[in-house]
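# Inside the fold
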Amino acid sequence: MSAIFILLTMTFLSLTTLSHADDCDVEGCRCTQMEDTYSLDCYVSALTQADLQMTSAISAKVTSLSLICYPSRRQSSLTSDLFGGFTTLESLSLSQCNISVVTSPLLLTSLRVLTISQCILPTLDPNLLQELTRLENLTIAESGLTRLTRISNLSSLRFLNLSSNFLTTLEPDTPELSGPAHPDTPALSGPAHPDPDTPELSGPAHNDPDTPALSGPAHPNLTFIDLSYNQIKEFPVTLLRSSPQLQQLLLRRTSIKELSVPDDLDLRNLTVLDLSENRLDKVLLSSALM
């Protein structure tokens, strides 16, 4: 009699599991249930509304979404409304996609992890990530990135991987480095507010949220940065000033010729500095690294 009871119990559990699987049965996707939410790993032909329509029935319950474009020849568009139904999305991974159009900003306010790898990317708008204030892990790797989008508003960032791209600079908040934004604005082409008595300078100065110096470090939680295999020519001093908790900095095979670390740069928490495969002509280390 006990054997029969055990057999019936196992049958009931199997039926329950099957029922949950049916709720997450999406063609072309591997679905994993995590309590009341789902994780989806999907092969799509491109990033389009039509390709993501298959997930609409359960999109409100998906917290992790991985999209692999296969074959990767079709052009994709990364638009602000593409993931509009994924209101609970916390992790997004895009791989092997030929992305020809990117509109800003990405409206994924719950996102904590964003991974873009082995993609073809156009020049990114400086404001692409401005709404992702909860983002903790950002990876844009092996994607031909030539100019960094603005990240100074990502105060929750802990992990930054920009390896294997074509970056030459890491100063996205400087107008002339962040693209031809507002080229006709006088303040960007000449000395702004030459008169010290100008009223706007005597009130709350610089209301721009992208000015980190007035509100403390821009990245108070950032501990890991990988900039390896890029064409960066200078040691990323500005980025390091905004990351006081940095523990690991990887700069393998870049175009840095001179390593010059200012004495006032606080690197007391840095435990790993990888400069392997670089051709350094000059090295000036601050006391913080000695």
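Structure shown above.
Residues numbered from 1 in each chain as written. Predicted model: local features only at pLDDT ≥ 70, side-chain atom pairs only at ≥ 80, totals over all residues. Heavy atoms only, no water.

## Here we look at unusual backbone geometry
To keep it simple, the criterion reads: In this text, helices come from DSSP runs of H or I with a minimum length of four residues, and strands from runs of E with a minimum of two, each type numbered from the N-terminal end.
Here the residue pair Y70 and P71 is connected by a cis peptide bond, since its omega of -10° sits within 30 degrees of zero. For P71, the position within the fold is in the loop between β3 (62–69) and β4 (75–78). In this structure, P105 follows S104 across a cis peptide bond, with omega equal to -10°. Structurally, P105 is set in the loop between β6 (98–102) and β7 (113–117). Even without a glycine there, the phi angle at S164 is positive, about 60°. Note that S164 resides in the loop between β9 (159–161) and α3 (186–189). A positive phi angle, close to 45°, is found at R253, a residue other than glycine. Mapped onto the elements of the fold, R253 is located in the loop between β11 (248–250) and β12 (258–260).

## Some thoughts on the state of the cysteines
Threshold: Note on terminology: disulfide denotes any pair of cysteine sulfur atoms within 2.5 Å. Burial status follows relative accessibility: with a 1.4 Å probe on protein chains alone, a residue under 20% of its type maximum counts as buried, one over 50% as exposed, and anything between as partly exposed.
Within this structure, the stated rule accounts for two disulfides. Here C29 connects covalently by a disulfide to C42, the sulfurs 2.0 Å from one another. Because the sign of the S-S torsion sets the handedness, a value of about 110° for the bond joining C29 and C42 places this disulfide among the right-handed ones. One end of the pair, C29, is in strand β1 (residues 29–34); the other, C42, is in strand β2 (residues 37–44), with 13 residues separating them in the sequence. In this model C69 forms its disulfide with C97; the gap between the sulfur atoms is 2.1 Å. When the S-S torsion is 85°, as for the bridge of C69 with C97, the disulfide is right-handed. Here the residue C69 occupies a position in strand β3, and C97 occupies one in the loop between β5 (91–95) and β6, the gap between them amounting to 28 residues. Taken individually, C69 and C97 each receive the classification buried, so the pair is uniform in this respect. With no disulfide partner, C119 has as its closest neighbouring cysteine sulfur the one in C97, 4.6 Å distant.

## Comments concerning the nonpolar core
So the rule is basically this: Remark: nonpolar core denotes a set of buried residues (Ala, Val, Leu, Ile, Met, Phe, Trp, Tyr, Cys) joined through side-chain atoms within 4.5 Å. The criterion used for residue contact is that any of the two residues' heavy atoms lie within 4.5 Å.
Judged by nonpolar contacts, the single largest core of 65 residues is most densely connected at F83 and L138. Those elements giving two or more residues to this core turn out to be β2, β3, β5, β6, β7, β8 (137–141) and α5 (237–241). In this structure, F83 is in contact with L52, L65, L67, L78, L92, L94 and L108, ignoring residues within four places of it in sequence.

## Concerning the environment of T55
Take T55: it is sitting in the loop between α2 (49–52) and β3. Residues T55 and C24, 31 residues apart in the sequence, show an inter-C-alpha distance of 8.9 Å. Discounting chain neighbours no more than four positions away, the residues touching T55 are V26, L40 and F86.

Everything listed here is a matter of coordinates, which is why it stays silent on function.
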